[in-house]
Structures are given as structure tokens and as C-alpha cells.
Amino acid sequence: MKVKVISVLEDNYMYLVIEESTRDAIAVDAAVPKRLLEIIRKENVVLRAVLTTHHHWDHARGNEELARLCPGLQVYGADERIGALTHKVTHDQELTFGAIRVRCLFTPCHTSGHMCYFMWEDGSPDAPALFSGDTLFVGGCGKFFEGTAEQMYTNLTHVLGALPKETKVFCGHECTVRNLKFALKVEPENETVKKKLMWAKVSWRGGDRGGCRELAGFWTSLIPWQQRDDEDLPTVPSTLQEEFLYNPFLRVTEESLQKFTGKTDPVEVLRTLRTEKDNFKKPKEQPHPQAMLAFDWGLFSPFLEKK
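This text gives an overview of the structure that appears in the document. (Residues numbered from 1 in each chain as written. Predicted model: local features only at pLDDT ≥ 70, side-chain atom pairs only at ≥ 80, totals over all residues. Heavy atoms only, no water.)

### Quick notes on the overall build of the protein
Part 1: Scanning the protein from N- to C-terminus turns up 12 helices and 16 strands.
Part 2: The buried share among the 307 residues of the protein stands at 50%.
Part 3: Carbon and sulfur atoms make up 52% of the accessible area of the protein, which amounts to about 15,200 Å² in all. (Helix = DSSP H or I, 4+ residues; strand = E, 2+ residues; numbered from the N terminus. Buried < 20%, exposed > 50% of the residue type's maximum accessible area, 1.4 Å probe, protein only. Areas by Shrake-Rupley, 256 points an atom, 1.4 Å probe, with all protein chains shown as cover.)

### Description of helix α5 (residues 176–186)
Part 1: Considered for burial, the residues of α5 that qualify are Thr176, Asn179, Leu180, Lys181, Phe182, Ala183 and Val186.
Part 2: Buried residues in α5 make contact with β11 (136–137), β12 (140–141), α6 (191–201), α8 (240–246), α9 (255–261) and α10 (266–278). (Contact = heavy atoms within 4.5 Å.)

### A look at the nonpolar core
Part 1: Ranked by size, the top nonpolar core spans 34 residues in total, and within it Leu51, Met119 and Phe131 carry the most contacts.
Part 2: When neighbours within four sequence positions are excluded, Phe131 is seen to be in contact with Val3, Tyr15, Val17, Val28, Thr53, Cys116, Tyr117, Met119 and Phe170.
Part 3: In terms of nonpolar packing, the next biggest core, distinct from the first, is built from 29 residues, Leu136, Leu240, Leu250 and Leu270 among them. (Core = buried A, V, L, I, M, F, W, Y, C linked by side-chain atoms within 4.5 Å.)

### A word on the sheet that holds strand β1 (residues 2–8)
Part 1: The strand order β1-β2-β3-β4-β5-β6 describes an open sheet built from six strands, whose pairing is mixed. Bordering the open sheet on either side are β1 and β6 (87–88), each of which pairs with just one other strand.
Part 2: Pairing geometry for β1 and strand β2 (residues 12–19), over seven bridges, is antiparallel. Looking at the pairing, Val8 lines up with Asn12 of β2.
Part 3: Together, β1, β2, β3 (24–28) and β4 (46–51) form the strand contacts of helix α1 (residues 33–43), whose direction differs from that of β1 by roughly 145 degrees. (Pairing = 2+ DSSP bridges. Axes fitted to C-alpha atoms, helices over the stretch in contact; angles between N-to-C directions.)

### Some thoughts on the pairing of strand β10 (residues 129–133)
Remark: a regular strand shows side chains that alternate across the two faces of the sheet.
Part 1: Most of β10 is tucked away, with five of its five residues classed as buried.
Part 2: Sheet topology places β10 next to strand β13 (residues 168–171); four bridges connect them, and they run parallel. Bridged to Ala129 within β13 is Lys168.

### Thoughts on α10
Part 1: Look at α10: 18 Å from first C-alpha to last across 13 residues, which is about the 18 Å you get at 1.5 Å a residue.
Part 2: When α10 is considered as a whole, its buried residues turn out to be Val267, Val269, Leu270, Thr272, Leu273, Arg274 and Lys277.
Part 3: Buried residues along α10 sit in contact with β12, α4 (149–160), α5 and α9.
Part 4: Its side-chain oxygen at 3.1 Å from the backbone nitrogen of Val267, Asp265 defines the N-terminal cap of α10. (Expected span 1.5 Å × (residues − 1). Polar contact = N/O pair within 3.5 Å; in protein donor to acceptor, adjacent residues only side chain to side chain.)

### A short note on the environment of Met119
Part 1: Relative to the elements of secondary structure, Met119 occurs in strand β9 (residues 115–121).
Part 2: Considered as a pair, Met119 and Ala129 are 10 residues apart in the sequence and their alpha carbons are 5.1 Å apart.
Part 3: Residues in contact with Met119, not counting those within four places in the same chain, are Met1, Val17, Val28, Leu51, Ile100, Arg101, Val102, Pro128, Ala129 and Phe131.

### Re the pairing of strand β5 (residues 74–77)
Part 1: Judged from the three bridges that link them, β4 and β5 form a sheet pairing that is parallel. Each bridged residue has a counterpart across the sheet, and for Leu51 the counterpart in β5 is Tyr76.
Part 2: Bridge count for β5 against β6 is two bridges, and the pairing is parallel. When the sheet's bridge partners are listed, Tyr76 is paired in β6 with His87.

### With respect to the sheet that holds strand β7 (residues 94–97)
Part 1: Ordered in space as β7-β8-β9-β10-β13-β16, the six strands form an open sheet in which the pairing is mixed. If you trace the sheet from one side to the other, it starts and ends with β7 and β16 (238–239), each paired once.
Part 2: Note: β9 against β10, three bridges, orientation antiparallel. Residue pairing for β10: Met119 is matched across the bridge by Ala129.
Part 3: Each of β8 (100–106), β9 and β10 is contacted by α4, which is oriented at about 145 degrees to β8, the strand it contacts most.

Here is the structure:
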């Protein structure tokens with residue numbers, strides 16, 4: 001099972017999951033059909049189905065066009081508001097696409113009909129994958145637009161948190177840096193948060209980030225580096241095991257989280273965290289020292305002169 005990470009819109013991800021033996025494929029949150037079809041042609045695969053996590057336009061807006069362009073396309077989801085829906089799924093329902101198995105995990109809160117998808121291949125040594133939409137992010141969780149803190153606690157702790165710890169997490173948006181800046185405010189002494197935040201802000205030019213996934217002792221391999229935004233490199237996937245180390249919304253029973261929120265009940269800790277995150281303004285970035293030196297030396301002057 002091969003997962004293609006496709007960056008679209010401002011900060012969204014859609015995914016193409018490929019069964020490598022048959023070259024059949026499943027799309028998750030197919031928001032931009034043109035871009036998806038470009039990848040499908042490049043990979044030489046056949047799109048068999050679309051799995052939609054929720055009805056928001058930036059996750060589901062491409063369904064109708066894809067259904068028109070791909071006759072017989074199956075579109076799965078849990079919410080009647082999802083466009084071109086052909087199969088409404090329920091919690092714990094399992095789907096099969098060739099060798100790929102999918103378990104549907106109902107996670108209402110961000111929207112009342114939000115569904116995550118847990119995928120694996122029987123007999124494969126590869127770790128399973130979780131497509132978490134806007135429920136679980138790297139270092140964060142989704143806003144409670146149509147649900148409650150109680151629901152999100154159940155989603156994160158009992159539904160998604162109970163999956164195998166090696167599960168790879170593929171979320172719906174690239175918001176890792178701002179999530180981790182909030183996590184650092186919550187736990188300023190958490191070394192894992194500091195390391196993950198540093199990793200998220202840099203990219204290894206010309207190298208494979210996958211070899212730098214371990215959270216301890218990998219920084220020497222990340223040189224030379226540059227700002228991640230310059231390269232638009234994804235920070236997905238993470239793993240559930242990692243998320244429990246730095247994601248405050250999965251750490252609601254930790255003493256440090258209870259101290260920050262002033263609450264002890266896990267649901268109340270989560271509720272307070274979400275309110276704090278909604279009102280959080282990330283600290284301003286300090287100017288890069290080399291850039292400031294270049295300004296001091298006048299290296300940018302030719303670009304700043306009025307024409």
C-alpha cells in the first residue's frame with residue numbers, strides 16, 4: 001500500500017492510496033480533481049473510490065466533478081451533505097478494495113458526520129495508516145464546530161487513541177508548526193515538543209526526511225537546512241506513538257496539562273485547551289540572523305530601490 005501526499009488549496013492535504021499489485025487506487029478527501037487526476041495519470045493507476053472524511057468544501061468539493069469524469073466511481077462518507085455520495089458508512093464498518101482493508105471510525109465533533117478511515121493490508125509489514133481528516137492533526141485537533149469536548153475526548157482517547165501505536169497519521173491540513181507553538185506554550189519544558197517543532201520548521205535539502213523520523217538524536221542529519229515553508233514539504237505522516245508525546249490534546253491526563261488548564265477532569269482539560277488554542281496567537285518569528293546580516297551589508301539594496 002503506497003500513500004501519495006498531495007498538497008492542495010492553502011494548507012489542505014488530499015491523499016491517493018495505491019494498491020501496488022493491481023494499480024487500483026482510492027482517494028481521500030478529493031478536493032481538487034484536476035490535481036488528483038494529474039497524479040493518477042502520472043502513477044498510472046485507476047481510481048476506484050473516494051473516501052470523504054466530512055462535508056466541508058475544502059475536503060469534498062471535488063466529488064461531483066470526479067463522479068462525472070469517472071463513471072461508476074464509488075463515493076463513501078458518513079454525512080448526507082457530502083456531494084455525490086453513493087455509500088453512506090457507519091462506525092466500525094469495514095470496506096475492502098483489493099488487498100486494502102478499511103475500517104470506518106466515526107468521530108463526530110468537528111462536524112456531526114465526521115468519519116476517519118483506518119487502512120491496512122493483511123500480511124503487509126508496513127504500518128497501518130489513519131486518515132484523520134479534521135479530527136486529529138499533527139500536534140493538535142480540529143475545532144468543535146458541531147460537537148462537544150466530550151465527543152472529542154471520546155474520539156481522541158477511545159476511538160483513535162486505541163489504534164496501534166505504530167499507526168501513521170495522515171491528517172487533513174498542514175498546521176503542524178502553529179500547533180506545536182501552542183503545545184510549547186502549554187508545556188514549555190517538554191523537550192519532545194521542542195525537537196518536533198524544530199524538525200517541522202526545517203527540511204533536509206536533497207535528503208529523505210523519513211530517515212530522520214526518530215525524535216531523539218537525529219538533528220545532526222538535518223544539515224544543511226532551510227525554512228520548511230520555502231519548500232512546502234509536508235510534515236505528515238506522524239505516528240500515534242509520537243502524538244502521545246507532544247500533542248496536548250492527547251495528553252490531558254498529564255500533570256503539566258492539568259496545571260496549565262487548572263482542571264483535573266480530562267474532558268475539562270480538553271475543553272479548556274481548545275478554548276486556549278482558539279484564542280492563541282503564535283509568537284512572532286525572530287528574523288533569521290543571516291538575513292539580518294545581509295540587510296546590514298546592503299545585499300538587498302538593489303531589490304529595494306524604487307524603479
